[in-house]
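What follows is the residue order along each chain.
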Amino acid sequence: MINQELVIAPDLILYNAKIITVDENFTIAEAVAIKDGRFVAVGTNHHILSLAKDSTKKVDLQGKTVIPGLIDAHFRLLDRATAQKYGANISLAGSVDDILDAVKEAAARIPKGQVITSNSGWFPQMLKEGRDPTKEELDTVAPEHPVILRGEYIYLNSLALKQFNITKDTPQLEYGWIEKDPSTGEPTGVLMGDAAKLVNGVHLKFSEEQKSDALLWALQECSKAGITSIREGGISIPDLRFYHQLYRQGKLPIRVSAQLSLNMSLPLAEILHNFEQYYLNNPFGDRWLQVDRASYIFADDEYNRSNLSTPIYNQRVPQERVRRFHSTRDGSQEKVEQIITGMAKLGISGGILAGGDQAIDEVLDILERVNDIYPLSDRRWVISQLFYPKERHLARMKKLGVVLTPMWHHYYYYPALEVYHGRVVAQTMDPFKMLVESGVTVGLGSDISSIPLNYFTAIYFLHTRNSWKWGKVNPDQGISREQALRLLTINNAYVTFEEKEKGSIESGKLADLLILSDDIMTVPAEKIPLIKPLVTMINGQVVFGEKM
């Protein structure tokens, strides 16, 4: 249906294209009309061109493929961007030497005596050597800088250990673990969990100018990668203001939705009081900047702490410390249930990280009990990560109306799963086909620490199950290109309560789209990662690529 009032004079018509609308029927159109930042008509060349007036700009796309703008449902963008731009970029390193080279490069531009930190996005199991860099190796490339690298844990060189007075006599903290050489008792430089607090957060401290600069850079890089909307997976209110500053200045290059973080270590009464005092019913904001969830709760997190029904292998963390790792994340099931109950009473929802199958069981148990008191089905509670969902979870998820945001980062990170959980278990991870066919709404996050990302690699992974360097993973769980594209568009719009506003190319929706270098539906599978966005358009305006 065409709204004739709106299309009296479209601002722009794109025609002679293959327009993959991602509407309910996955309609393929030839042309689209845009006015005042929204799609106003989609259809054949003849039909849409008949709407043109003298003031309408018409662009012949010469058969190019058009898709809705891509949406990332979970990326810690501000944190990752600042660490990458102002630290050592070690994400997706292939070897210890790669990490050492990145630290050496950072040492050349960061004044002597200042801390060298890094982004994360790597695991020792991904490296050629199968281990992390030693403090002695870090000493050789940055002898005059304290080095605090981020990764699965944090990694210090000798100067950093000295600066923060971490010695063999330093007692273990209540939470976390200081790794020490079993033969000498000397710290190895590896701090786990809350042991990272011994460095007073200096590896996370950046100036306001650095944060603002890195954030704008990262958002622009996202637009180049074809992302028109991104969702911060868990962000503090103080950090949210950096987005708000860009918003007020009219400088946000893409749309942003945010899920607020939650400090689980606070007393229950204080947490509930904060919800009552500070949190509005979600979502709130507008189509450029909004808050969609009021908290991010951890049921489990790191691979070495996944709550599985099978044993965890190669445990570097002492077993008695596995559940005492992060004071800000760890909470009893009773406390988690009380928090969720309090939120439900106020009519707000949040997100829960649950990777292991047993953690998912426990989360669903809690949500069902809360649902008996305060119905949740329209609140779209998010369960994220979900390394190992099982068939037994599906009907329960659907009944509760939860939304799932698994990640595609195991394209890169798979070796860590295999080392910690064993190959048999690891090969059951990310069963996207089972989830998509269950009827539960499934979105997709990235949660990778490298900027920019190639989201066509995500589609390739979901479709073929081919990983970066590790061969096929759970190969029977590949999904179609259409299904993968839905996850990154309309389904991710549903995650943020915006499926009526964006996520597909339909009349009345926001004019966010990509013009691609190749046809994503027909190009040979191995060439999907080579697809590039030629143009990224938001609100009918080009934000990346050749102006129209």
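What counts and what doesn't
- Residues numbered from 1 in each chain as written.
- Predicted model: local features only at pLDDT ≥ 70, side-chain atom pairs only at ≥ 80, totals over all residues.
- Heavy atoms only, no water.
- Axes fitted to C-alpha atoms, helices over the stretch in contact; angles between N-to-C directions.
- Helix = DSSP H or I, 4+ residues; strand = E, 2+ residues; numbered from the N terminus.
- Left-handed = near helix turned anticlockwise from the far one by under 90°.
- Contact = heavy atoms within 4.5 Å.
- Nonpolar A, V, L, I, M, F, W, Y, C, P; charged D, E, K, R; others polar.
- Buried < 20%, exposed > 50% of the residue type's maximum accessible area, 1.4 Å probe, protein only.
- UniProt positions renumbered as here; feature names shortened; annotations may be inferred.
- Pairing = 2+ DSSP bridges.
- Salt bridge = Lys/Arg side-chain N within 4 Å of Asp/Glu carboxyl O.
- Phe/Tyr/Trp six-rings, centres within 6.5 Å; stacked < 30°, edge-to-face > 60°.
- Lys NZ or Arg CZ within 6 Å of the ring centre and 35° of its normal.
- Parallel < 35°, antiparallel > 145°, perpendicular 65-115°, else oblique.

(A) Representation of the packing of helix α6 (residues 208-224) against helix α7 (residues 237-248) in the model. Two elements in contact, α6 and α7, have axes separated by 10 Å at closest approach and are oriented at 65 degrees. Both α6 and α7 take part in a crossing whose hand is right-handed. Residues Glu 208, Lys 211, Ser 212, Leu 215, Leu 216 and Leu 219 of α6 touch α7, and the partners they reach there are Asp 239, Arg 241, Phe 242, Tyr 243, Gln 245 and Leu 246. Here the residues of the contact of α6 with α7 are counted per class, giving 6 nonpolar, 2 polar and 4 charged.

(B) Focus on helix α2 (residues 77-86). Burial analysis of α2 places 7 of its 10 residues in the buried class, which makes it a mostly covered element. The elements touched by buried residues of α2 are β9 (148-150), α6, β13 (227-235) and α7.

(C) Structural view of the UniProt feature "domain: Amidohydrolase" (unreviewed entry) in the chain. Mapped onto this numbering, the UniProt entry annotates "domain: Amidohydrolase" (unreviewed entry) at residues 59-544. Along residues 59-544, the helical share is 33% and the strand share 16%, with 16 Å between the first and last C-alpha atoms.

(D) Looking closely at the pairing of strand β16 (residues 289-293). Among the 5 residues in β16, 5 count as buried, and that is most of the element. Of the pairings in the sheet, the one linking strand β14 (residues 255-260) to β16 comprises 4 bridges and is parallel in character. Following the sheet pairing, Ser 257 is matched in β16 by Gln 290. Relative to β16, strand β15 (residues 284-285) runs antiparallel, the two being bridged by 2 bridges. Bridge assignment links Gly 285 to a residue of β16, and that residue is Gln 290.

(E) Structural context of the environment of Lys 527. Tracing the chain through its elements places Lys 527 in the loop between β22 (513-516) and β23 (533-538). Each C-alpha atom of the pair Lys 527 and Tyr 460 lies 8.5 Å from the other, and the pair is 67 residues apart in sequence.

(F) A look at the sheet that holds strand β3 (residues 28-29). One open sheet holds the 6 strands; their spatial order is β3-β2-β7-β22-β23-β24, and the pairing between them is mixed. Where the open sheet ends on each side, the last strands, each with one partner, are β3 and β24 (541-545). Examined bridge by bridge, strand β2 (residues 18-20) and strand β7 (residues 65-68) share 2 bridges and lie parallel to one another. Paired with Lys 18 across the bridge in β7 is Thr 65.

(G) Representation of the environment of Ile 360 in the model. Structurally, the position occupied by Ile 360 is in helix α10 (residues 357-371). The class of Ile 360 is buried, set by a relative accessible area of 0%. C-alpha separation for the pair Ile 360 and Leu 308, spaced 52 residues apart in sequence, amounts to 9.2 Å. With residues near it in sequence (within four places) discarded, Ile 360 still touches Ala 354, Gly 355, Leu 386, Tyr 388, Pro 389, His 393 and Met 397.

(H) Main features of the pattern of salt bridges. Tallied over the entire structure, the rule returns 34 salt bridges. A salt bridge links Asp 213 to Lys 85, with the nearest nitrogen and oxygen atoms 3.0 Å apart. Of the two residues, Asp 213 is situated in helix α6 and Lys 85 in helix α2; the sequence distance between them amounts to 128 residues. Since its relative accessible area comes to 33%, Asp 213 is described here as partly exposed. Via salt bridges that share partners, Asp 79, Arg 80, Arg 150 and Asp 447 belong to a single interconnected network.

(I) Representation of the sheet that holds strand β8 (residues 70-72) in the model. Taken in spatial order, the 5 strands of this open sheet run β8-β13-β14-β16-β15, and their pairing is mixed. Strands at the two margins of the open sheet, each flanked by one partner only, are β8 and β15. Alignment of β13 against β14, held across 5 bridges, turns out to be parallel. Considered in β14, the bridge of Ile 230 is made with Val 256. The sheet contacts of α7 involve β13, β14 and β16, and relative to β13 the element is tilted by about 155 degrees.

(J) Broad picture of the packing of aromatic side chains. The final tally for this structure, using the stated rule, is 13 aromatic pairs. Here Phe 123 and Tyr 303 contribute two aromatic rings whose centre-to-centre distance is 5.2 Å and whose plane-to-plane angle is 40 degrees, an arrangement assigned as tilted. With Phe 123 in the loop between α3 (96-109) and α4 (135-141) and Tyr 303 in the loop between β17 (296-298) and α9 (333-346), this residue pair connects regions lying 180 residues apart in the sequence. Each of the two residues, Phe 123 as well as Tyr 303, counts as buried. Taken together, a centroid distance of 5.1 Å and an interplanar angle of 55 degrees make the contact between Tyr 303 and Phe 387 tilted. Here the residue Tyr 303 occupies a position in the loop between β17 and α9, and Phe 387 occupies one in the loop between β19 (382-385) and α11 (391-400), the gap between them amounting to 84 residues. The class of Tyr 303 is buried, set by a relative accessible area of 6%. Aromatic ring contacts, followed pair by pair, group Trp 408, Tyr 411, Tyr 412, Tyr 455, Phe 461, Trp 468 and Trp 470 into a single cluster. When the ring centre of Phe 242 is taken as reference, the NZ or CZ atom of Arg 241 above it lies at 4.8 Å. Positioned over the ring face of Tyr 494 is Arg 380, at 3.6 Å from the centre of the ring.

(K) Seen up close, the packing of α2 against α6. Two numbers describe how α2 lies on α6: the axes approach to 8 Å, and their chain directions differ by 105 degrees. Considering the angle they form, α2 stands roughly perpendicular to α6. Contact with α2, carried on its side by Leu 77, Leu 78, Ala 81, Thr 82, Gln 84, Lys 85 and Tyr 86, involves Gln 210, Lys 211, Asp 213, Ala 214, Leu 215, Trp 217, Ala 218, Leu 219 and Cys 222 of α6 and no other residues of that element.

(L) Spotlight on the environment of Leu 272. Topologically, Leu 272 is positioned in helix α8 (residues 268-278). In this structure the C-alpha to C-alpha distance between Leu 272 and Gly 176, which are 96 residues apart in sequence, comes to 26 Å. The contact partners of Leu 272, leaving out residues within four places of it in the chain, are Gln 338, Ile 339 and Gly 342.

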